[in-house]
Amino acid sequence: MRRHHLRYLLPQGFFGLAWTEWGPEDGAPVVCVHGLTRTGRDFDALAAALALEGRRVLCPDLPGRGASDWLPDPTLYVPPTYVAALSHLLARLDGPVDWVGTSLGGICGMVVAATPGHPIRRLVLNDIGAFVPKESLARIGDYLGEVGDFADVPALERYLRTVHAPFGRLSDAEWRYLAETSSRPGTGGRVALHYDPAIAAPFRGAEPVDMDLSPIWTRVTAPVLVLRGAESDLLPVETARAMARRPGVRLAEIPVAAMPRR
């Protein structure tokens, strides 16, 4: 795993975008983009596996997350900002890429893939689709507004097990790794989640409404793999199956694991 950093430009100035990179530098690139409160480290296992197959895998931290700069204005934490930052990374690659996007990362991928001249060769959408119910957005808004700091990593892990229960039946080791890569030093020896609390600002003061992404989705022409976990509330089964009826789109539904939650 290698760590990199670039500068990207917004009207408010230049800011830093960080990413981890795996595999040979001359490998066919895969860009993996995480969800709303996550970081690029979520893709460590996938990136390591793809690197063994000779792929170059780049896992950016979206603005305000992980090692990327926090932004001075909370209203900047919206998809157009994220796409602007990611476009600088795509310009550096200067060629076709495969894109794996989870939740918010999938929204960014759809926006890029719907833009003329885009470099996306194939698109994987994990836990996101052309329609997001308002109830799911309200759930996310609730836990975004409650984030504080934690006594230690095990306390943070307990919090993640609650708010990210829809992630599925992860093992104890997977939950611990998720917690370790989600934390940053807090004050007085405590730890905090590895993102700017201000990312919650766009969710505050507004009543959640259904998010209809179909105007963007209809402009995506690249081959698409839609991944839906059986317990997902962000990607309704009806939405996923409707998307899969379009030519060039394949749906993989992940069943609940047989093993008990530990």
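No experiment lies behind these values; they were computed from the predicted model shown.

The rules behind these values
- Along each chain, residues carry numbers from 1 onward, in the same order as the chain's sequence is written.
- Local features in this predicted model are restricted to residues whose pLDDT is 70 or higher, and side-chain atom pairs enter the listing and the counts only when it is 80 or higher, whereas totals over whole chains, interfaces and linings include all residues.
- The basis for the side-chain values is all heavy atoms of the structure; hydrogens and waters are excluded.
- Structural elements are reduced to axes, namely lines fitted to C-alpha atoms, with helices fitted over the stretch in contact, and the angle between N-to-C directions of any two is expressed from 0 to 180 degrees.
- Think of it this way: any DSSP run of H or I at least four residues long counts as a helix, any run of E at least two long counts as a strand, and we number them from the N terminus.
- Roughly parallel means an angle under 35 degrees; roughly antiparallel, over 145; roughly perpendicular, 65 to 115; everything else is oblique.
- Helix crossings get a hand from a simple test, with the near helix turned counterclockwise from the far one by less than a right angle marking a left-handed crossing and a clockwise turn marking a right-handed one.
- Only heavy atoms matter for contacts: two residues are in contact if any of them lie within 4.5 Å across the pair.
- Basically, the charged four are Asp, Glu, Lys and Arg, the nonpolar ten are Ala, Val, Leu, Ile, Met, Phe, Trp, Tyr, Cys and Pro, and anything else, Gly included, counts as polar.
- Here the aromatic set is Phe, Tyr and Trp, taking the six-membered ring for Trp, and pairing holds for ring centres within 6.5 Å; pairs whose planes are under 30 degrees apart are stacked, those over 60 apart are edge-to-face, and all others are tilted.
- Only protein chains enter the calculation, and the probe is 1.4 Å; a residue is then buried if its accessible area is under 20% of its type maximum, exposed if over 50%, and partly exposed in between.
- As a reminder, the over-ring test applies to NZ of lysine and CZ of arginine, requiring each to be within 6 Å of the ring centre and within 35 degrees of the ring normal.
- Two strands form a pair only when DSSP identifies at least two bridges running between them.

What to know about the packing of helix α5 (residues 153-163) against helix α6 (residues 172-181)
If you want to describe how two helices pack, look at the angle between their axes and the distance between the axes. Their axes nearest at 9 Å, the elements α5 and α6 cross at an angle of 110°. When the axis of α5 is compared with that of α6, the two are roughly perpendicular. The way α5 lies across α6 gives a crossing that is right-handed. Of the residues in α6, those in contact with V153, P154, L156, E157, L160 and R161 of α5 are D172, W175, R176, L178, A179 and E180. Taken together, the residues of the contact of α5 with α6 break down into seven nonpolar, no polar and five charged.

Quick word on the packing of aromatic side chains
According to the stated counting rule, one finds two aromatic pairs in the structure shown. Summarising the aromatic geometry, the rings of Y8 and F15 are spaced 6.1 Å apart at their centres and angled 40° between planes, so their arrangement reads as tilted. For F15, a relative accessible area of 9% puts it in the buried group. Between the aromatic rings of F150 and Y159, the centroid separation amounts to 5.2 Å while the plane-to-plane angle is 50°, which identifies the pairing as tilted. Of the two residues, F150 and Y159, both sit in the buried class. Here R246 stacks its cationic end above the ring of W217, 3.9 Å away from the centre of that ring.

Observations concerning the sheet that holds strand β12 (residues 224-229)
Read across the open sheet, the eight strands follow the order β1-β2-β4-β3-β5-β6-β12-β13; overall the sheet is mixed. The open sheet is flanked by β1 (2-10) and β13 (249-254), the only strands paired with a single partner. Shown here is a sheet whose adjacent strand axes are inclined to one another by a mean of 20°, direction ignored. Here nine bridges tie β1 to strand β2 (residues 13-22), and the two strands are oriented antiparallel to one another. Bridging across to β2, R2 finds its partner in E21.

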